[in-house]
Protein chains: 2
Amino acid sequence: MGNKNVGIKDVALAAGVSVTTVSHVLNEVAYARVRPETKEKVRAAAAQLGYEPNRLAQALRTQRTGMLGLLSEDIATTPHAGRIILGADEAAKARGYNLMILNTSAAASLESRQADVEALLERRVDGILYATMYHRSVDLPPNLGNVPSVLVDSVSTGGNITAVIPDEERGARTAVSALVEAGHTRIGFLNNTDDVPATHLRLQGFRNTLDEAGLDGGAAPVESAPSEVQGGYEAARRILERGRSADVPTALFCYNDRMAMGAYRAAAELGLAIPADLSIVGFDDQQLIAANLYPALTTVALPHYEMGAWAVEQLIDAIEGKTDLALMAAAPTVMDCPLVRRDSVAPPRA
Amino acid sequence: MGNKNVGIKDVALAAGVSVTTVSHVLNEVAYARVRPETKEKVRAAAAQLGYEPNRLAQALRTQRTGMLGLLSEDIATTPHAGRIILGADEAAKARGYNLMILNTSAAASLESRQADVEALLERRVDGILYATMYHRSVDLPPNLGNVPSVLVDSVSTGGNITAVIPDEERGARTAVSALVEAGHTRIGFLNNTDDVPATHLRLQGFRNTLDEAGLDGGAAPVESAPSEVQGGYEAARRILERGRSADVPTALFCYNDRMAMGAYRAAAELGLAIPADLSIVGFDDQQLIAANLYPALTTVALPHYEMGAWAVEQLIDAIEGKTDLALMAAAPTVMDCPLVRRDSVAPPRA
DNA sequence: GTGAAAGCGCTAACAG
DNA sequence: CTGTTAGCGCTTTCAC
């Protein structure tokens, strides 16, 4: 069983037919008329010998490997990568493709990343996914263009390549709306200091939602800090201790779950109970944090799985000639970030 | 550039030599004597045409793909997977191999996992790594044996396959020793309830270390609960509230970082400051938790990266005939778990 | 020193 | 309905 040396030829011999016939029945070639009983003979022989096709030979002949390359920036350092990979892997498997994953680094030189693409190209992958670990703008290796490709979680500085990104602005709206709907009128924002799209778009979403609720987003308190736990702690202390008590927010929207974790600590130190005295909503839905904080954190999920799966679908459609990627390259496709309700939001104290 | 249609034949034509010669110089074949100037011509032509080898054709001919299959159980659900993959990927890259990653699930049927192995086999990977997401005993698909394979982070129920696992017992010793060395004499253990190797081995390490320090490990307080934050919280409350105050531990060794996170909450509720009133050491070194708790958690790291890299090395050595995997299959190779010192350990209050 | 030719395992015209 | 045959792009034995 699983004898790696039996080829189509052996099956042909055993079944008493030609290799053509074997190929026809094993691949269920549509135009080939083969008598049912012959088919049976062939299948039986194949099973009996434990025949398994040699995909390399097939690929060489058909110029199709059925492999997709995934170039992933910093696969290990962020838990998000896993979800992108999972989404991509499942989508690929469902359509009979496999993933060849190469890890690269955001810090790696263009040449090094180009070499990675080259490795993928030498193996004749049918298409390439380039995934970054957070939504940003990347300089793509030029040889990426040699094969259908799509960008996951970022946009190309050069533009002109199909990309899928999270809808940051709308995600922020979702988060802030949850707070507004709970009855909060004094809502603060703990923002990131990095100059990345999310920083600007989430702020925009925050302000817009407040404005639309008649709450004057322009005047709402915003504190920025590095997007880590410590930054969140510091920004939260600042925002919670400023001004007269009547100005202090009763709810905080945090740039990400790590900052929210810092806000939890600040709240604890200030004697503020969550969610009774202070409601908090995060962003990212990092399981390890969001689900494990006490109380569990209500947050907005990044659609990593979905982006990975979507990208693979587009790629395969393009490879199989069902789509033209160029048509989608003009503007990135944007995906919704759903709210994950847990226990950190409640109405403000009366 | 990067024209995917130029082959060795085109290079030969351009350089005015035969394909044999091109192959010889491009592969730096040792026994082939080629005049230096010819070599130059060939290389120049190759570069000029942007030739890149077709690995598929090479593989078909040489029966070597230079690809390693990695079957990973639940890649996405645990952050550990990333480190195994990273270790494997870097080790593979360093030796000119690439990884083909397939995601599977611990819950998947044997048949489904066998089909995944089959997919890898059809692509003629040179070897296979089978990685689980926590140290346990797995039922391996039988076709795994068709190609050199090594198990990462688990042992086979069938035995007889090279495997690498963390040294749980010694890891626990390391953790407990840190507490003993800080001067603690009343040390408790928050253990997991699952029947997995780590549960038993860490307990063993805990008791042994205490015994060797003259502290009577058999009598030391142990509370078990599911290995999540909530379980850690509950077990910690139980252990911290029982008996007279003179019996209450001044230090806690936790089965993992999540349980330690729960212990932090219990301590806070009981008005115990960490590490002044209570020292804590965890296990796993889950970055997101350990580094972000306040104070940052001292813990024992699982050698995921190292195991991934080690496994790849062995696999490649076996593939290249430098090792015989069978020699190592008798017993799993065990890897050390180093202590990561952060801020949750201090001497007990005087 | 260099080249001709066989063949890795498979698919797909093209014949019959 | 089924078989013959020519490659896919490369490596490698064997001749020259």
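What you are looking at is a predicted structure, and each value in this text was computed from that prediction instead of being measured.

A. Layout of empty space enclosed by the protein. Scanning all chains against the criterion turns up one cavity of 30 Å³ or more. Size it by volume and the largest cavity reaches roughly 120 Å³. Along its surface, the largest cavity is lined by A:Arg55, A:Leu56, A:Ala59, A:Thr65, A:Met67, A:Arg123, B:Arg55, B:Leu56, B:Ala59, B:Thr65, B:Met67 and B:Arg123. Breaking the lining of the largest cavity down by element, the ones donating at least two residues are α4 (55–62) of chain A together with α4 (55–62) of chain B. For the lining of the largest cavity, the residue count by class is six nonpolar, two polar and four charged.

B. Molecular detail of the relation of the copies chain B and chain A. With an axial shift of 0.0 Å and an RMSD of 0.1 Å, the rotation relating chain B to chain A amounts to 180°. The operation mapping one copy onto its partner corresponds to a two-fold rotation axis. Across chain B, the rotation axis passes nearest the C-alpha of B:Met100, at a separation of 2.3 Å. Counting the interface residues of chain B, we find that 100% of their copies in chain A are interface residues as well, pointing to one common contact surface.

C. Local environment of the pattern of salt bridges. The tally for this structure, following the rule as stated, stands at 41 salt bridges over all chains. Across the salt bridge formed by B:Asp116 and A:Lys93, the nearest N and O atoms sit 3.2 Å from each other. With B:Asp116 in helix α6 (residues 110–122) and A:Lys93 in helix α5 (residues 80–94), this residue pair bridges two chains. By relative accessible area, B:Asp116 is classed as buried at 8%. According to the relative accessible area criterion, A:Lys93 is partly exposed, its value standing at 33%. What emerges from the salt-bridge pattern is a single network uniting A:Arg95, A:Glu313, A:Asp317, A:Glu320 and A:Lys322.

D. Structural context of the UniProt feature "domain: HTH lacI-type" (unreviewed entry) in chain A. The residues that UniProt annotates with the feature "domain: HTH lacI-type" (unreviewed entry) are residues 6–62 of chain A. Overall, residues 6–62 of chain A shows 67% helix and 0% strand. The separation of its end C-alpha atoms is 20 Å.

E. Focus on the nonpolar core. In this structure, A:Phe253, A:Ile280, B:Phe253 and B:Ile280 are the most contacted members of the largest nonpolar core, which totals 90 residues. Leaving out residues up to four positions away in the same chain, A:Ile280 has contacts with A:Leu252, A:Cys254, A:Ala260, A:Ala263, A:Tyr264, A:Ile274, A:Leu297, A:Thr298, A:Ser344 and A:Val345. Among the nonpolar cores identified, the runner-up in size contains 61 residues, and B:Leu68, B:Leu70, B:Ala311 and B:Met335 belong to it.

F. Representation of the packing of aromatic side chains within the structure. According to the stated counting rule, one finds six aromatic pairs over all chains in the structure shown. Both rings, one in B:Phe253 and one in B:Phe283, keep their centres 6.3 Å apart while their planes meet at 45°; by these two values the pair is tilted. With a gap of 30 residues between them, B:Phe253 in strand β8 (residues 251–254) and B:Phe283 in strand β9 (residues 279–284) connect regions that are remote in the sequence. Feature note: the residues A:Phe189, A:Phe206, A:Phe253 and A:Phe283 constitute an aromatic cluster, connected by ring pairs.

The rules behind these values
Residues numbered from 1 in each chain as written. Chains lettered and ligands numbered in written order. Predicted model: local features only at pLDDT ≥ 70, side-chain atom pairs only at ≥ 80, totals over all residues. Heavy atoms only, no water. 1 Å grid on protein atoms, 1.4 Å probe; cavity = no way out; pocket = protein on both sides within 12 Å on 5 of 7 lines; lining within 4 Å. Points joined across faces, edges and corners; volume = space filled by probe spheres on them. Helix = DSSP H or I, 4+ residues; strand = E, 2+ residues; numbered from the N terminus. Nonpolar A, V, L, I, M, F, W, Y, C, P; charged D, E, K, R; others polar. Least-squares fit on C-alpha atoms with pLDDT ≥ 70 in both. Contact = heavy atoms within 4.5 Å. Salt bridge = Lys/Arg side-chain N within 4 Å of Asp/Glu carboxyl O. Buried < 20%, exposed > 50% of the residue type's maximum accessible area, 1.4 Å probe, protein only. UniProt positions renumbered as here; feature names shortened; annotations may be inferred. Core = buried A, V, L, I, M, F, W, Y, C linked by side-chain atoms within 4.5 Å. Phe/Tyr/Trp six-rings, centres within 6.5 Å; stacked < 30°, edge-to-face > 60°.

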